[in-house]
Each structure stands twice: as C-alpha cells, then as structure tokens.
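Per-entry structural report
One-letter residues, chain by chain:
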Amino acid sequence: MVGVGVFTSLGFQVKDITSGFALLMLWTIGGIVAMCGAISYAELALMFPRSSGEYNFLRRIYHPAFGFVAGWLSATVGFAAPVALAAMAFSVYFRSVMPDAPVPWPGLVVVWLVSLVHLSGIRHGSAFQNAWTAIKLLLIVAFLLSGLVFGARQPISFVPGAGDLSFITSAPFAISLVFVMYSYSGWNAATYIVGEIREPARNLPRALVAGTAVVLVLYVLLNAVMLKTTPLSDLSGVIDVAMVSGRHIFGPVGARLVGGLISFGLVASISAMMWIGPRVTMTMGEDFRVLRLFARQSKAGVPAIAILFQLVVCDLLLLTESFEEVLNFVQFSLTFCSFFAVLGVIKMRITHPDLARPYRAWGYPITPLAFLTVTAFMMYYLLVNRPLQSLGGLALMAAGLVIYYASNLLSKVPPSDTSRAGTDALDRV
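Before going into details, it helps to say that this report is about the structure given with it. (Residues numbered from 1 in each chain as written. Predicted model: local features only at pLDDT ≥ 70, side-chain atom pairs only at ≥ 80, totals over all residues. Heavy atoms only, no water.)

Overview of the pattern of salt bridges
Counting across every chain of the model gives five salt bridges. For Arg-202, the salt bridge is made with Glu-199, and the minimal N-O distance between the two is 3.2 Å. A single network of salt bridges, built from pairs that share partners, joins Glu-43, Arg-349 and Arg-357. (Salt bridge = Lys/Arg side-chain N within 4 Å of Asp/Glu carboxyl O.)

Below is the structure:
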C-alpha cells in the first residue's frame, strides 16, 4: 500500500486546501474508507475464494459480463497505471541524485528490471518484494523521526477551526480524496491472491485490516511532518513533496539524499503491482478461450505473457509523462468497480443469507454503507470536475463489454470449472 501516492499527492491538495486540519482529515477519512472497504472485501473473498479480486466478485454477484469489465480494467490500466505513476515519481526523485537523468528513462529502466525479477519465478519475486518493502518502511520511519527532531516549525494548525467545514464539504476536498484513495490503493491487494494464502479464513482478514490500520497511521504522520516542516507555498503544485520537505529538514544535501532514498523505496510499489496485476489477466485467460494465451505459465511458474503485456501497457502510459491525467483517468473506473463490489456484500446478505461466510464484515451494514457513501461522493465530483477523464474511463469499460460479447460469439467454450465454483454454490442456495 505504501507507495507513490503519499510522496506525491500533498502538492496537489494544498493548491486549494490550506487548512492543516482539513488536510489531515483527508488522510484520516481516506484511511477509514479504505478500512471499511477492506472489511467488506474480506467477506467477499472468503465467500468466493479465488484469486483475481473484482473480476471474481462481480461476475458471481451480478453477471459474468460485469466481472469481465472489471478484469479488463485490471488487465489494461488497473495495475499498469499505478506502475506508470510510481515510475514517473521514481524518475522525478531519482533526478535528485542524478540531475541530468532524462525523464522518463530512469522509470522505464526500473520497471523493466523489476519485471525481469518477477519473470524469473515466484521465489525470487517474493524475496525481492519483501526486501524492498522492509527498506521502504525503514526509510519512512527514519524520515518521520528526523522531521520531528530536526524540522523547523511552520505556522500551521491541526486543530479544527471555524472555516474548516467549508473546506471539507468543497469540491476540491472531494477531488483530493481521489488522490488520497489512490494513495491507499492496495488495501484490497490480498484478495487478488487469496488462492495462494495459507489459512485464508484467519490470515486474509488480518492482512487486510491490520495492513490498512498501520498505513493509516503512517500516512497521517507523514503528512503532518511535511506540513509542519515546509511552507505550503513550497509544496503547492509539486510532485516531489517529500524531497521539498527534506530540503527544509536537512538542507540541500539532505534533500538529495531523501530524494534518492524515496526513489528506491518506490521500487517496492512497482514490484507489488507487477506481481499482482498479471494474476488477474491469467485468471481471465483460464476462463475465456480468446484470452487463453495469457493463462500460460513459464517453466518458473509465472504468467510470463501476462507480465509482458502489463509491462507494455505500463511503458505506453509512462511515456505520456502526465501524472495527474493518468491518475484521474484510471481512478474513476476503478472506484466504480470497487463501489459495486462492496454493494455486493449488501446484495448477497439480502438475496443469499444462508451462503457460507467464513468471515462476516465487522460493523455491517455501517462499514459497507460508509464506503459506498464516500466513493459515490468521489465519483460524482469526478464526473462534474473531471468529465473527460471520467468519461474516458467509462469508454474503456464499454470497450471491455464489447470484447466480452464478441468473445462469446467467437467461442462457445464455457468458463473453466474453477470459475464456476462460486456460481454453482449460489445455484444450490
């Protein structure tokens, strides 16, 4: 979860929101919403225990076509876009170490190197991911402690004031939630590999809930330190906010060190998405004959063709060099799918109350309703304030729907037996 968003989002937020309390509320609300989503997804993943996330949920709760659209999004931009965004940020932060490095080549190089690691096999990929995640967390803790000890204090207050309500109910706050929720993306990652988790009934809810809680605390503290040590005018509109903050904490030399360390910390984010995303494409390949190519695994046991496909899409997005546009384009469609996945928790409780649920969402129905309310709020403001990007996301979903029905016309081969397991269970109920 801890990735590019928290090191880049604050600069876009402070352009329109100048209240310290409202800014921290953004990250707190985002974390709570992500927690509500994680709790809801845990129930779905253990009802339908097959890797691939929304693709699996939506096809079983609503219709196979809806699931295909969600899988199409994941296969095309759902994971490739976060990789591209992390690689863009990597290039920006890497230039603190090598100012003459041409953007976006550092990002392209690191994406290719990470992909090669994951192509080499699951053992190498998981060891690489664990090592870089540990490095990333250590860097964040070191940055927090340094900011608290050495950073100069700025005149910003985190205590609620008279005008804060107007910030929280404004369109900029809703749009900023898009950046925040992108920063929390990954709260549902364990559901994409539930089929590979030991004792999922016990470990999946723990992974989702505990991981989201830890990240919520880290994000609020990180943003509090950056706001308390750096003038808002210096943060406004910049991507490399952590490096700007590092300059105020450590001076010019320290800022270069912080930028370099964060760039290497972003490798873990790139690695995570390059690991998980191709598994969705692989699962779709198992279910649809026209996509069977993506289901092939290499001798190392990895979906090599799916990894290479995601790599190509990521490279194309990375070459656009448009961070904010790529984010807004992908976020609406992904939020749309997660909205209906969580709505499916309520639907299944009503229509199939007797279906086996190894885990039941804590706080139901408040937790799913809280997630649905905030994500609906976000989608509305995205449509109103970012209509072209939002409609572009809907157009991509429509393209997936066309491909689904075209594949049905071209092939009468039914989905794999594995994919039908959950549907058969519903039929018996």
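Next, the rest of the story.
A closer look at the packing of aromatic side chains
Applying the stated criterion to the full structure yields 22 aromatic pairs. Measuring from ring centre to ring centre gives 4.8 Å for Tyr-41 and Trp-187, while their planes differ by 75 degrees; the resulting arrangement is edge-to-face. Placement of the pair is Tyr-41 in helix 3 (residues 20-47) and Trp-187 in the loop between helix 10 (171-183) and helix 11 (200-229), with a sequence separation of 146 residues. Summarising the burial analysis for this pair, Tyr-41 and Trp-187 share the class buried. Above the plane of the ring of Tyr-364 lies Arg-349, whose end atom (NZ or CZ) is 4.0 Å from the centre. (Phe/Tyr/Trp six-rings, centres within 6.5 Å; stacked < 30°, edge-to-face > 60°. Helix = DSSP H or I, 4+ residues; strand = E, 2+ residues; numbered from the N terminus. Buried < 20%, exposed > 50% of the residue type's maximum accessible area, 1.4 Å probe, protein only. Lys NZ or Arg CZ within 6 Å of the ring centre and 35° of its normal.)

Overview of the packing of helix 5 (residues 64-78) against helix 6 (residues 80-94)
The geometry of helix 5 relative to helix 6 is characterised by a closest axis approach of 6 Å and an angle of 20 degrees between their N-to-C directions. Taken together, the axis directions place helix 5 and helix 6 in an arrangement best described as roughly parallel. Residues Thr-76, Val-77 and Gly-78 of helix 5 form the contact with helix 6, whose participating residues are Ala-80, Ala-81 and Pro-82. Of the residues belonging to the contact of helix 5 with helix 6, the class tally is four nonpolar, two polar and no charged. (Axes fitted to C-alpha atoms, helices over the stretch in contact; angles between N-to-C directions. Parallel < 35°, antiparallel > 145°, perpendicular 65-115°, else oblique. Contact = heavy atoms within 4.5 Å. Nonpolar A, V, L, I, M, F, W, Y, C, P; charged D, E, K, R; others polar.)

Some remarks on the environment of Ala-134
Take Ala-134: it is sitting in helix 8 (residues 122-150). Each C-alpha atom of the pair Ala-134 and Gly-265 lies 9.1 Å from the other, and the pair is 131 residues apart in sequence.

Re helix 15 (residues 304-320)
In an α-helix, one turn spans 3.6 residues, which is why side chains three or four residues apart end up on the same side. When the terminal C-alpha atoms of helix 15 are compared, their 25 Å separation across 17 residues agrees well with the 24 Å that a helix rising 1.5 Å per residue should span. Those residues of helix 15 that fall on the buried side of the exposure criterion are Ala-304, Ala-306, Ile-307, Gln-310, Leu-311, Val-313, Cys-314, Asp-315, Leu-317 and Leu-318. (Expected span 1.5 Å × (residues − 1).)

Some thoughts on the side chain of Ser-390
Position of Ser-390 relative to the elements: it lies in helix 18 (residues 387-410). For Ser-390, a relative accessible area of 0% puts it in the buried group. Among the polar contacts made by the side chain of Ser-390, one reaches the main-chain carbonyl oxygen of Arg-386 at a distance of 2.9 Å. Look past the residues within four positions of Ser-390 in its chain and what remains in contact with it is Phe-332, Leu-382 and Leu-383. (Polar contact = N/O pair within 3.5 Å; in protein donor to acceptor, adjacent residues only side chain to side chain.)

As for the packing of helix 7 (residues 105-119) against helix 14 (residues 252-287)
For the pair helix 7 and helix 14, interaxial distance at closest approach is 10 Å and the crossing angle is 50 degrees. Between helix 7 and helix 14, the interaxial angle falls into the category oblique. Here helix 7 and helix 14 pass one another in a crossing that is right-handed. Counting all contacts with helix 7, which are made through Val-110, Val-111, Val-114, Ser-115 and His-118, the residues of helix 14 involved are Val-267, Ile-270, Ser-271, Met-274 and Trp-275. The residue makeup of the contact of helix 7 with helix 14, split by class, is seven nonpolar, three polar and no charged. (Left-handed = near helix turned anticlockwise from the far one by under 90°.)

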